[in-house]
Structures are given as structure tokens and as C-alpha cells.
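# Analysis of the macromolecular model
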Amino acid sequence: MYIDTHAHLTFPEFELDLPEVIERAKKARVEAIINIALDDEAVKKSLQLSKDYPDYIFTGAGLHPHEASQWNDSTYEKFSSLAKEHKLIAIGETGLDYHYKLSPADLQKKVFRSFLQMAQELDLPAVIHSREAARDTIDIIREENKGKLKGVLHCFAGDMELGRAALEMGFYISFTNNITYPKADLIRAAAKEIPLDRIMIETDCPFLSPQVFRGQRNEPSYVVKVAEKIAEIKGSTVEDVALATTGNARRLFFPRGDRR
Ligand SMILES: [Zn+2]
Ligand SMILES: [Zn+2]
């Protein structure tokens with residue numbers, strides 16, 4: 001069994017055939033999907049999905065660093081009341097993305113800090129996105145950690161300065177199907193170094209299809225491809241990778257075993 005720990009099922013790419021997509025995920029032995037919602041509309045849709053597929057689709061919510069400028073006075077209240085009503089299982093994604101800098105870096109940092117504070121206040125894991133921003137990501141996690149911060153670095157790009165710091169701080173590290181891309185040596189080297197008891201897997205769909213389906217829409221059933229690649233890199237079995245990564249995801253996202 002697998003858990004796709006990061007999907008975006010409310011994107012228009014899934015509008016026409018989501019039931020079939022979910023069916024394929026179940027057939028591929030994906031036992032749960034954590035859907036990441038990044039605006040009001042997506043949160044609304046995702047909470048509906050969590051109702052339509054109980055004990056299967058779970059909702060995490062935040063603001064992508066690209067949209068940090070959407071943060072306003074009501075944002076903190078909005079997310080924390082959803083969480084207090086037990087509708088969210090994670091805060092995020094949040095973090096820093098200096099690749100496109102679609103929101104100013106200073107604002108991204110401010111919003112990132114607020115989300116990390118919120119995650120601790122609510123005792124929820126933080127789903128962290130960090131792209132070309134390793135140093136600042138490390139500093140902010142260190143500074144904001146009041147001892148209760150837990151979370152995952154999602155879509156890990158292979159920068160082991162960030163990776164080692166995250167491991168030291170007790171974080172999990174999550175790999176997507178970009179680990180299957182020919183040029184992804186850095187990511188594969190990271191997967192070799194990071195111990196299996198700290199690794200999670202995700203699709204980040206509809207983005208980042210595995211190499212064999214590259215250019216097409218990605219979907220949760222393809223999370224198996226991430227596990228297969230990690231097994232190959234580590235010289236272990238896919239079953240071992242499935243067991244370990246699913247156990248890790250359960251520990252982080254369902255610490256009280258309250259999923260079932
Ligand atoms: Zn991301
Ligand atoms: Zn994402």
C-alpha cells in the first residue's frame with residue numbers, strides 16, 4: 001500500500017474524470033491521498049472531496065509561496081478555524097520559491113513564518129515547498145521552531161545542505177516522480193543518502209509525470225513509480241519502500257491513528 005502525500009486533485013486537469021482517477025489509484029494500492037488546496041475555491045472543493053471519499057482523500061491547506069501576496073488579515077483565522085473544526089490534516093504548502101519570485105521574497109518569508117507558527121499552534125504538520133531558497137528555508141524553520149514543529153519537505157530537489165538540516169530538525173523528506181528524470185542525478189543521490197525511515201512519496205499531480213508518461217497529466221496511481229525508483233536506488237524491494245513510506249506518512253499525518 002502507498003500514500004500519495006501531495007496531490008492537487010482540484011486542478012482543472014481532473015475535472016472530467018476524477019472518479020476514474022481515484023479508481024485507478026485504489027487499484028494501484030494507493031490507500032490514501034493528501035490533497036493540497038491553495039485557495040478558497042480549492043479548499044471548498046477539497047473538503048467536499050474529503051466528504052465524498054471519506055477515509056481516502058484528506059485535505060491540507062495553505063498558500064503557495066507564489067501566491068504569498070494573497071495573504072491578508074483574515075487568512076490566519078480562516079485556516080486555523082478550518083483546522084480546529086478537524087477539517088485539515090496539514091498546513092501547507094507553504095515555503096519559499098525564489099525560482100520565479102512571483103511574490104516578493106520578503107513577503108514569502110513573512111507568510112512562511114506565519115504558517116509555521118500556525119502549524120505549531122494547531123499541532124499539525126507543515127508541508128514545505130522550497131525552491132532555490134535552501135539557506136532561508138533552513139534559517140526560518142530553525143527560528144520558528146518552538147519545539148513542536150513537524151513536517152515534510154515536499155518535492156525534494158536534492159540539495160543536501162537543506163536535506164541534512166531538515167533531517168536534523170526531525171523533518172521527513174518527500175520525493176516525486178522527477179526522481180525518474182534522466183538529469184535528476186542529484187535527486188537520486190539524495191534518495192540514496194536519506195534513510196528510508198524519513199522518506200515519503202508523492203505525485204504533486206497534475207504536475208511531474210514519471211519519465212515513462214512524461215508530458216502527460218500525472219495522477220496518484222503513479223506514486224508507485226516513485227517507490228519503484230527509490231527501491232532501485234536503495235537496492236531494496238518496492239514492498240519495503242511502500243511499507244516504510246506509508247508508515248512515515250501515517251506517523252506524520254495521522255499520529256493518533258484517527259484515520260480509520
Ligand atoms: Zn510545491
Ligand atoms: Zn504542490
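Everything numeric in this text was worked out from a predicted model, so none of it was measured.

Here we come to the overall build of the protein chain. If you tally the helices and strands in the protein chain, you get nine helices and eight strands. In terms of overall dimensions, the protein chain is globule-like: its C-alpha atoms have a radius of gyration of 17 Å, near the 18 Å expected for 260 residues. Considered along the principal axes of its C-alpha atoms, the protein chain spans approximately 45 × 40 × 35 Å. Scored against the burial criterion, the 260 residues of the protein chain give a buried share of 47%. Counting contacts in the protein chain only where the partners sit at least 6 residues apart, residues at least 24 apart contribute 74% of the total.

On the secondary structure map, Arg251 appears in helix H9 (residues 238-253). We classify Arg251 as partly exposed; it has 15 C-beta atoms within 10 Å.

Our next topic: helix H2 (residues 40-52). Look at H2: 18 Å from first C-alpha to last across 13 residues, which is about the 18 Å you get at 1.5 Å a residue. All of the buried residues in H2 are Val43, Ser46, Leu49 and Ser50. Projected onto a plane normal to the axis of H2, the buried residues spread over an arc of 120° and lie on a single side. Structural note: H2 exposes Asp40, Glu41, Lys44, Lys51 and Asp52 on the side pointing more than 90 degrees away from its buried face. In this fold, the buried residues of H2 make contact with strand E2 (30-37) and strand E3 (57-61).

Let us now look at the packing of helix H5 (residues 134-144) against helix H6 (residues 160-168). A pair of packed helices can be characterised by two numbers: the angle between their axes and the separation between those axes. Contact geometry of H5 with H6 gives a least axis separation of 9 Å together with a crossing angle of 15°. Here H5 is positioned roughly parallel relative to H6, judged by the angle of their axes. As H5 packs across H6, the resulting crossing turns out to be left-handed. Taking contact as the criterion, the partners of Ala134, Thr137 and Ile138 in H5 are, on H6, Glu161, Leu162 and Ala165.

The subject of this paragraph is the sheet that holds strand E8 (residues 199-201). Taking strand neighbours across the sheet as the criterion, the eight strands line up as E1-E2-E3-E4-E5-E6-E7-E8 in an open arrangement whose pairing is parallel. The open sheet has two free edges, formed respectively by strand E1 (2-7) and E8, since each of these has just one partner strand. Across the sheet, the axes of successive neighbouring strands diverge by a mean angle of 30°, strand direction being ignored. Direction of pairing for strand E7 (residues 172-175) relative to E8: parallel, over a ladder of three bridges. Pairing of Ile173 across the sheet is with Ile199, part of E8. Along the sheet, H9 makes contact with E1, E2, E3, strand E4 (90-97), strand E6 (151-153), E7 and E8, crossing E8 at roughly 95°.

Let us now look at the nonpolar core. Core analysis: the largest hydrophobic core is formed by 74 residues, its most contacted members being Ile34, Ile91, Val152, Ile173, Phe175 and Ala227. The contact partners of Phe175, leaving out residues within four places of it in the chain, are Phe156, Ile187, Ala191, Ile199, Ile201, Val226 and Ile230.

Looking now at the environment of Val21. Its place among the elements puts Val21 in helix H1 (residues 18-27). Since 20 C-beta atoms lie within 10 Å of it, Val21 is described here as buried. Along the chain, Val21 and Phe175 lie 154 residues apart, while their C-alpha atoms are 21 Å from each other.

With that settled, consider the pairing of E1. Counting buried positions over the six residues of E1 gives six, a clear majority of the element. Where the polypeptide runs from E1 across H1 and back to E2, its parallel neighbour, the crossover connection is right-handed.

At their nearest, the axes of helix H3 (residues 75-84) and helix H4 (residues 105-122) sit 11 Å apart, and the two run at 25° to each other. Of the possible angle classes, the one that applies to H3 and H4 is roughly parallel. Considering only the axes of H3 and H4, their crossing is right-handed. Residues Tyr76, Phe79, Ser80 and Ala83 of H3 form the contact with H4, whose participating residues are Ser114, Met118, Glu121 and Leu122. A class-by-class count of the residues in the contact of H3 with H4 yields five nonpolar, two polar and one charged.

Counting buried residues in E4 gives eight out of eight residues, a clear majority hidden from the surface. Pairing analysis gives two bridges linking E3 to E4, with the strands arranged parallel. Opposite Gly60, over in E4, you have Ala90 as the bridge partner. Two strands pair when backbone bridges link them, and E4 and strand E5 (residues 126-131) are joined in this way by six bridges, in the parallel orientation. Looking at the pairing, Leu96 lines up with Ser130 of E5. You can see the chain leave E4, run along H4 and come back into E5, and the turn it takes is right-handed.

Parameters and conventions
- Residues numbered from 1 in each chain as written.
- Chains lettered and ligands numbered in written order.
- Predicted model: local features only at pLDDT ≥ 70, side-chain atom pairs only at ≥ 80, totals over all residues.
- Helix = DSSP H or I, 4+ residues; strand = E, 2+ residues; numbered from the N terminus.
- Rg over C-alpha atoms; globule rule 2.2 N^0.38 Å.
- Buried ≥ 20, exposed ≤ 12 C-beta atoms within 10 Å, placed from the backbone.
- Contact = placed C-beta atoms within 7 Å.
- Expected span 1.5 Å × (residues − 1).
- Arc of directions from axis to C-beta.
- Axes fitted to C-alpha atoms, helices over the stretch in contact; angles between N-to-C directions.
- Parallel < 35°, antiparallel > 145°, perpendicular 65-115°, else oblique.
- Left-handed = near helix turned anticlockwise from the far one by under 90°.
- Pairing = 2+ DSSP bridges.
- Core = buried A, V, L, I, M, F, W, Y, C linked by C-beta atoms within 7 Å.
- Right-handed = clockwise from strand over helix to strand, strands pointing away.
- Nonpolar A, V, L, I, M, F, W, Y, C, P; charged D, E, K, R; others polar.

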